[in-house]
Amino acid sequence: TEDRRKILKEEFGIKEGEKVIAVIGRLVLQKGHAFFLDALSRSDLAGKVLIVGDGPLKNSLSSIVNSLSLDDKVIFTGFRKDVQEILGITDILVLPSSREGLPMVILEAMVAGVIVVATAVGGTPELVEDGVNGFLVEYGDVEGLKKKLEDIVNADSSRLNEVRQAARKTVEEKFSLEKMVAEHEGIYKELTSSRVTSSTS
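Residues numbered from 1 in each chain as written. Predicted model: local features only at pLDDT ≥ 70, side-chain atom pairs only at ≥ 80, totals over all residues. Heavy atoms only, no water.

Undergrad: What's the story with the overall build of the chain in this structure? I'm lost.
TA: In terms of regular secondary structure, the chain is built from nine helices and six strands. When each of the 201 residues of the chain is scored for burial, the buried share is 45%. At a minimum sequence separation of 6, the contacts of the chain that also span at least 24 residues come to 69%. As displayed, the chain offers around 11,000 Å² of accessible surface, 53% of which is attributable to carbon and sulfur atoms. (Helix = DSSP H or I, 4+ residues; strand = E, 2+ residues; numbered from the N terminus. Buried < 20%, exposed > 50% of the residue type's maximum accessible area, 1.4 Å probe, protein only. Contact = heavy atoms within 4.5 Å. Areas by Shrake-Rupley, 256 points an atom, 1.4 Å probe, with all protein chains shown as cover.)

Undergrad: Any chance you could explain the pairing of strand β4 (residues 92-95) here in plain terms?
TA: Remember that side chains alternate between the two faces of the sheet whenever the strand is regular. Every second residue of β4 is oriented toward a common face, with I92 and V94 on one face and L93 and L95 on the other, all of them buried. With two bridges connecting them, strand β1 (residues 20-24) and β4 associate as parallel partners. Considered in β4, the bridge of I21 is made with I92. Across four bridges, β4 lies against strand β5 (residues 115-119) in parallel orientation. Each bridged residue has a counterpart across the sheet, and for V94 the counterpart in β5 is V117. Read from β4 through helix α5 (residues 104-111) to β5, the crossover connection turns out right-handed. (Pairing = 2+ DSSP bridges. Right-handed = clockwise from strand over helix to strand, strands pointing away.)

Undergrad: What's the story with α5 in this structure? I'm lost.
TA: Think of an α-helix as 3.6 residues a turn; residues three or four steps apart then line up on the same face. Burial in α5 covers these residues: V105, I106, L107, A109 and M110. Against the buried residues of α5 lie β1, α4 (83-87), β4, β5, α6 (124-127) and α8 (157-175).

Undergrad: What am I meant to see in the packing of aromatic side chains here?
TA: For any two aromatic rings, the description comes down to two numbers: the centre-to-centre distance and the angle of the planes. Applying the stated rule across the entire model yields one aromatic pair. Between the aromatic rings of F35 and Y139, the centroid separation amounts to 5.2 Å while the plane-to-plane angle is 70°, which identifies the pairing as edge-to-face. Placement of F35 in helix α2 (residues 33-42) and of Y139 in the loop between β6 (135-137) and α7 (142-154) is noted, with a sequence separation of 104 residues between them. Exposure remark for F35: the relative accessible area of 8% places this residue in the buried category. Residue class for Y139 comes out partly exposed when judged on its relative accessible area of 41%. (Phe/Tyr/Trp six-rings, centres within 6.5 Å; stacked < 30°, edge-to-face > 60°.)

This is the structure in structure tokens:
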């Protein structure tokens, strides 16, 4: 709701019209936070960055933020149960992981109309087509990530709306509830019909 968005923005000190970038995941090495912070420090992006999650690297990541003079931009939110609502105030979700399975947070972002920038690892390229329904970078390509983020922030809104629409379509086509139910029903029918024929023969 609009009220909840307002409360969250106030909590994180986000001004009206300010761009919000979020990185959501445990603060562990494979999630690539340090790689992302390196790219962020080389860009001139205004706005706020929410690092959502907790984990063993909290202190060292705080130190990196400090040493790169990003304190005024980066907010560590800690573990949150309202990730869905945080996505509601987010413009860009960055997933800078060195390895991943099939990240559910990408699907959640796509449904929420958040632009996704992710590393081309694990199952991510099955979900994200670079420049179509989101953006991909190679893990460790600091300049590449910096450029993608700047391009998105500077892109015109109609271009970004095309990406958002394509992202929603991807989720509907690949992961719609109806599709999953239909596939399960199909399997169930196959099993039951084969059982019927085998018992009558």
